[in-house]
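Structural overview for review
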Amino acid sequence: MKDHEHYPLIPIERGEGVWLYDFDGNRYIDAISSWWVNLFGHANPTINAALSEQAGRLEHVIFAGFSHEPAIQLAERLVAITPEGLERVFFGDSGSSAIEIALKMSFHYWKNSGKSGKTEFVNLANSYHGETFGALAVGDVPLFKQTYEPLLMKCRTVASPDCFFREEGESWESHSRQQFEHMRTELEQHHETICAVVVEPLIQCAGNMRMYHPVYLTKLRELCTQLEVHLIADEIAVGFGRTGTMFGCEQAGVSPDFLCVAKGLTGGYLPLSAVLTSDQVYQAFYDDYSTLRAFLHSHSFTGNPLACAVANATLELFESENTIENNRMLAQVMSESFSHLNDHRQVAEVRQTGMMLAAEMVVDKKTRQPYPWQERRGLKVYLHGLKNECLLRPLGNVVYLVPPYVITPDQIEHLAKIATAGIELATK
Ligand code: PMP
């Protein structure tokens, strides 16, 4: 908050497409989709229409004993577009709540199946899964976690497949394969006490947009099945086309036991999340009331009709706009516009997976030594962006682009120009 003595908050009056407009006549391209939630631009006319239509019909209703059309439609749609075998849907109201639900459901499944010795979770180093206690416990970004460590459930943390520290000349695939051996050792030794492994498919977003090869997920799925450990895929940030496919898991040809989605699910309009799971998991809870095997977890706004209606409109846009296909062209423009930064003396690499691109600033390109966090180099890029109609909000030393899908090639090129100048300033 004290920062705002120097950098006042920017109240936004309205949004339109990729643009945000403040009260002083300035505008900004939302290059990070307001924390990766916006997909089809601000104040999107199609989503607006769906929202107001639903508001005129039903704003909310208790989601226990009652149901409604938007939620049923959405559940059916999600089952249809997600990897095979995910047939049951549980709604939550944020990404973090989706993670809590998946963790609880995994543990409870094993308990209901006579395996109450399974009480632990495995996560990846540098992962992020949200801010509530369970989600924070399975995350590994010290900035968010360290303070609360004494209060959190212990987790088995395994080296990440992140390809940033691969050997020179080594491929992503080879590095991710090699890193998998850490996971193999951990699971082979401890699978009897492990409920689930929780991962962010392909990109560790809040962990500085670090990326890895899909082969890791393919191998992880095989091993989890073999050792009776659940796989929880947190696609809260990467789902809905961010990685170039609708879901990151598709690139590895895998279905997780639990798929968590949120953020882009509503096109960035309203808080809503969902956890998809298999019928096998569902059946482990399906019993007479008196057996007390049911999964009791409810949020007041579970399955909110307004949120479900905008989610349905968002998923319709993917079809009518041929989004996944069009994004290939945009991703190519992103790649070309930023590729020159690979030669920058203070940029270790430009990495990209689909519609997510990151350039990492370093003290030493060869050793990849990071700038000390206290120097806040990213803040300099942010400030330069603001002066030039761009909302770029680096993660530490990492300048990244996660734009709404309605961005144009010209706007991407503008962002590349401003990001480059910002990096130049910040690394002087
Ligand atoms: N998982 C991932 C991968 C995320 O990126 C985030 C949010 N940045 C969350 C979980 C938490 O979602 P929410 O902020 O909606 O609770």
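Residues numbered from 1 in each chain as written. Predicted model: local features only at pLDDT ≥ 70, side-chain atom pairs only at ≥ 80, totals over all residues. Heavy atoms only, no water.

Here's the deal with the site of the ligand
Every residue near the ligand is listed here: W36, S94, G95, S96, Y128, H129, G130, E200, D234, I236, A237 and K263. One of the backbone nitrogen or oxygen atoms of G95 is found 2.8 Å away from an oxygen atom of the ligand. Contact with the protein chains hides 82% of the accessible area of the ligand, taken as 390 Å² for the molecule alone. By residue class, the composition of the shell around the ligand is four nonpolar, five polar and three charged. (Near = heavy atom within 4 Å. Polar contact = N/O pair within 3.5 Å; in protein donor to acceptor, adjacent residues only side chain to side chain. Areas by Shrake-Rupley, 256 points an atom, 1.4 Å probe, with all protein chains shown as cover. Nonpolar A, V, L, I, M, F, W, Y, C, P; charged D, E, K, R; others polar.)

Observations concerning the packing of helix α3 (residues 69-81) against helix α11 (residues 305-320)
Running from amino to carboxyl end, α3 crosses α11 at an angle of 40°, the nearest separation of the two axes being 8 Å. The angle between α3 and α11 falls in the class oblique. Where α3 crosses over α11, the two elements pack in a sense that is left-handed. Contact residues: P70, A71, Q73, L74, R77, L78 and I81 in α3; P305, C308, A309, A311, N312, L315 and E316 in α11. (Axes fitted to C-alpha atoms, helices over the stretch in contact; angles between N-to-C directions. Helix = DSSP H or I, 4+ residues; strand = E, 2+ residues; numbered from the N terminus. Parallel < 35°, antiparallel > 145°, perpendicular 65-115°, else oblique. Left-handed = near helix turned anticlockwise from the far one by under 90°. Contact = heavy atoms within 4.5 Å.)

Topic: the domain arrangement of the chain
According to the domain assignment, the chain consists of domain 1 (2-30 + 322-426) and domain 2 (50-320). Using C-alpha coordinates to define each centre, domain 1 is positioned 27 Å away from domain 2. Taken residue by residue, the interface counts 24 residues in domain 1 and 26 residues in domain 2. At the boundary of domain 1 with domain 2, total buried surface from both sides reaches about 2,000 Å², with 58% on carbon and sulfur atoms. Summed over the shared surface of domain 1 and domain 2, the number is three salt bridges. In this structure, E349 engages R166 in a salt bridge whose closest nitrogen and oxygen atoms are separated by 3.4 Å. For the side of domain 1 that touches domain 2, the element with the most residues is strand β13 (residues 347-353), which contributes five residues. Of the residues in the side of domain 1 that touches domain 2, the class split is 13 nonpolar, six polar and five charged. (Domains from an automatic or database assignment. Buried area = accessible area lost by both parts, 1.4 Å probe. Salt bridge = Lys/Arg side-chain N within 4 Å of Asp/Glu carboxyl O.)

A look at the environment of R377
Relative to the helices and strands, R377 is located in helix α13 (residues 377-387). Under the relative-accessibility criterion, R377 is labelled buried at 13%. In the structure, R377 is positioned 40 residues away from K417 in sequence and 18 Å away in space, judged by C-alpha atoms. Not counting chain neighbours up to four residues away, the residues in contact with R377 comprise M361, Y371, N397, A426, T427 and K428. Side-chain polar atoms of R377 contact the side chain of E375, separated by 2.6 Å. (Buried < 20%, exposed > 50% of the residue type's maximum accessible area, 1.4 Å probe, protein only.)

A look at the nonpolar core
M183, L187, M209, L220 and F240 are the most contacted members of the largest nonpolar core, which totals 100 residues. Looking at which element gives the most residues to this core, the answer is α11, with eight residues. Taken domain by domain, the makeup of this core includes at least three residues from each of domain 1 (2-30 + 322-426) and domain 2 (50-320). Look past the residues within four positions of M183 in its chain and what remains in contact with it is V122, L124, V158, V197, Y216, L220 and L223. Within the second largest apolar cluster, 25 residues are counted, among which are I101, L103, W110 and V275. (Core = buried A, V, L, I, M, F, W, Y, C linked by side-chain atoms within 4.5 Å.)

As for the packing of aromatic side chains
Overall, the coordinates contain 14 aromatic pairs when judged by the stated rule. With centroids separated by 5.0 Å and ring planes inclined at 80°, the aromatic side chains of Y109 and W110 adopt a geometry described as edge-to-face. When sorted by exposure, Y109 lands in the same class as W110, which is buried. When the ring of Y128 is compared with that of F144, the centres are 5.3 Å apart and the planes differ by 70°; the resulting orientation is edge-to-face. With Y128 in the loop between β5 (120-124) and α5 (133-137) and F144 in helix α6 (residues 142-145), this residue pair connects regions lying 16 residues apart in the sequence. When its relative accessible area of 21% is taken as the criterion, Y128 is described as partly exposed. Judged by relative accessible area, F144 falls into the partly exposed class, the value being 26%. One Lys or Arg, R88, reaches over the ring of Y282 and ends 3.7 Å from the middle of that ring. (Phe/Tyr/Trp six-rings, centres within 6.5 Å; stacked < 30°, edge-to-face > 60°. Lys NZ or Arg CZ within 6 Å of the ring centre and 35° of its normal.)

Quick look at empty space enclosed by the protein
For the structure shown, the criterion picks out one cavity of 30 Å³ or more. In terms of lining residues, the largest cavity is bounded by S127, Y128, H129, G130, L136, G139, D140, V141, F144 and K145. Tallied by class, residues from the lining of the largest cavity come to four nonpolar, four polar and two charged. (1 Å grid on protein atoms, 1.4 Å probe; cavity = no way out; pocket = protein on both sides within 12 Å on 5 of 7 lines; lining within 4 Å. Points joined across faces, edges and corners; volume = space filled by probe spheres on them.)

Considerations on the packing of helix α7 (residues 172-190) against helix α8 (residues 215-227)
The geometry of α7 relative to α8 is characterised by a closest axis approach of 9 Å and an angle of 20° between their N-to-C directions. One finds that α7 runs roughly parallel with respect to α8. Helix-helix and strand crossings are classified by hand; for α7 and α8 the assignment is right-handed. Across from E173, S176, R177, Q179, F180, M183, R184, L187 and E188 in α7, the residues of α8 making contact are V215, Y216, K219, L220, L223, C224 and L227.

Examining the sheet that holds β5
As summarised here, the arrangement of the seven strands in space is β4-β12-β11-β10-β7-β5-β6, forming an open sheet in which the pairing is mixed. On the outer flanks of this sheet lie β4 (88-92) and β6 (156-158), each paired with one strand and no other. Across the sheet, the mean angle separating the axes of adjacent strands is 20° when strand polarity is ignored. Pairing of strand β10 (residues 230-234) with strand β11 (residues 258-261) involves three bridges; the strand directions are parallel. By the bridge assignment for β11, D234 is matched with C260. Taken strand by strand, helix α4 (residues 95-112) contacts β4, β5, β7 (194-199), β10, β11 and β12 (273-277), and its axis lies near 25° from that of β12. (Pairing = 2+ DSSP bridges.)

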